[in-house]
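Below are the chains, spelled out letter by letter.
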Amino acid sequence: MKYDALLEKAKKAKENAYVPYSNFRVGAALLCKNGDVYTGCNVENAAYGPTCCAERVAVFKAVSNGNKEFEAIAVTSDSDDVTYPCGVCRQVLAEFALDMDVISSNKDLENEVLKVEELLPRAFTGKEME
Ligand code: THU
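Definitions and limits used
- Residues numbered from 1 in each chain as written.
- Predicted model: local features only at pLDDT ≥ 70, side-chain atom pairs only at ≥ 80, totals over all residues.
- Heavy atoms only, no water.
- Helix = DSSP H or I, 4+ residues; strand = E, 2+ residues; numbered from the N terminus.
- Rg over C-alpha atoms; globule rule 2.2 N^0.38 Å.
- Contact = heavy atoms within 4.5 Å.
- Areas by Shrake-Rupley, 256 points an atom, 1.4 Å probe, with all protein chains shown as cover.
- Lys, Arg positive; Asp, Glu negative; His and termini not counted.
- Charge placed at Lys NZ, Arg CZ, Asp CG, Glu CD.
- Axes fitted to C-alpha atoms, helices over the stretch in contact; angles between N-to-C directions.
- Parallel < 35°, antiparallel > 145°, perpendicular 65-115°, else oblique.
- Left-handed = near helix turned anticlockwise from the far one by under 90°.
- Nonpolar A, V, L, I, M, F, W, Y, C, P; charged D, E, K, R; others polar.
- Core = buried A, V, L, I, M, F, W, Y, C linked by side-chain atoms within 4.5 Å.
- Buried < 20%, exposed > 50% of the residue type's maximum accessible area, 1.4 Å probe, protein only.
- Pairing = 2+ DSSP bridges.
- Patch = residues over 30% accessible without salt bridge, like charges linked within 9 Å, V, L, I, M, F, W, Y side chains within 5 Å.
- Salt bridge = Lys/Arg side-chain N within 4 Å of Asp/Glu carboxyl O.

### Digging into the overall build of the protein chain
Part 1: Broken down by element type, the protein chain carries four helices and five strands.
Part 2: From first element to last, N terminus to C terminus, the protein chain shows the α and β order α-β-β-α-β-α-β-β-α.
Part 3: Whereas a compact globule of 130 residues would reach a radius of gyration of roughly 14 Å, the protein chain reaches 14 Å, a difference of no more than 12%.
Part 4: Expressed along its principal axes, the backbone C-alpha trace of the protein chain runs to roughly 45 × 40 × 30 Å.
Part 5: Long-range contacts, defined as pairs at least 24 residues apart, comprise 60% of the intrachain contacts of the protein chain with a sequence gap of at least 6.
Part 6: Summing over all exposed atoms, the protein chain offers an accessible surface of approximately 7100 Å²; the carbon and sulfur share of this is 50%.
Part 7: Computed over 15 positive and 21 negative side-chain charges, the inter-centroid distance for the protein chain is 3 Å.

Right, dumping it as structure tokens:
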């Protein structure tokens, strides 16, 4: 499948997940339009609220390196069920690319590909403020 290599990178990124509270490891791999890939894992915190999801870690790594043109993001976890990005991560993805592919997968990398705009219909994008 087109995104097999990206899914493998997400699986590898999952190994670094810092999850002492949930024990739920998540990995993400973000493909930029120029071919660069930024990976992320979830990083939890004793105060819970500061926890950052794998997807946002990957997005923030990309943006902080000057890259905001996104093609696709692959997400995986240790679950038998497909893991989809949480609502906060959908909003963060929508900020940059409503038409990017989101490849949500389970631990065996079985997956479903959806656009951000399918995962977050009628998104608040900020255009309303113009
Ligand atoms: N988590 C992610 O990293 N990405 C998701 O798409 C779903 C949730 C993390 C946050 C927290 O560390 C753990 O999974 C349980 O919610």
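### Here's the deal with the packing of helix 2 (residues 54–64) against helix 3 (residues 87–96)
Part 1: The geometry of helix 2 relative to helix 3 is characterised by a closest axis approach of 9 Å and an angle of 25° between their N-to-C directions. One finds that helix 2 runs roughly parallel with respect to helix 3. In this structure, the crossing between helix 2 and helix 3 has a hand that is left-handed. Residue-level inspection shows E55, R56, V59, F60 and V63 of helix 2 in contact with helix 3, the latter providing V88, C89, V92, L93 and F96.
Part 2: Taken together, the residues of the contact of helix 2 with helix 3 sort by class into eight nonpolar, no polar and two charged.

### Some thoughts on the nonpolar core
Considering soluble globular proteins, one finds that nonpolar side chains tend to be buried as a cluster.
Part 1: Counting residues in hydrophobic clusters, the biggest one holds 23 residues, and the most contacted among them are L30, F70, I73, L93 and M100.
Part 2: Counting only elements with at least two residues in this core, the list comes to strand 1 (26–32), helix 2, strand 3 (70–77), helix 3 and helix 4 (116–119).
Part 3: With sequence-adjacent residues up to four places away left out, I73 is seen in contact with L6, A28, A29, L30, E55, L93, M100, D101, V102 and I103.
Part 4: Within the second largest apolar cluster, nine residues are counted, among which are L6, A29, A72 and A74.

### Re the pairing of strand 1
Part 1: Burial runs high along strand 1: six of the seven residues are buried.
Part 2: Judged from the seven bridges that link them, strand 1 and strand 3 form a sheet pairing that is antiparallel. Directly across from A29, in strand 3, lies its bridge partner A74.
Part 3: The sheet contact formed by strand 1 and strand 2 (residues 37–41) spans five bridges and is antiparallel. Counterpart to L30 in the pairing with strand 2 is Y38.
Part 4: Connecting the antiparallel pair strand 1 and strand 2 is a turn made up of four residues, with G35 showing a positive phi of about 95°.

### Quick word on helix 2
Owing to its 3.6 residues per turn, the α-helix brings residues three or four apart onto one side.
Part 1: Of the positions making up helix 2, those classed as buried are A54, E55, R56, V57, A58, V59 and A62.
Part 2: Against the buried residues of helix 2 lie strand 1, strand 2, strand 3 and helix 3.

### Let's talk about a nonpolar patch on the surface
Part 1: Together, Y18, Y21, V43 and Y48 line one region of the surface with nonpolar side chains, adding up to about 440 Å² of accessible area.
Part 2: For Y48, the location among the structural elements is in the loop between strand 2 and helix 2.

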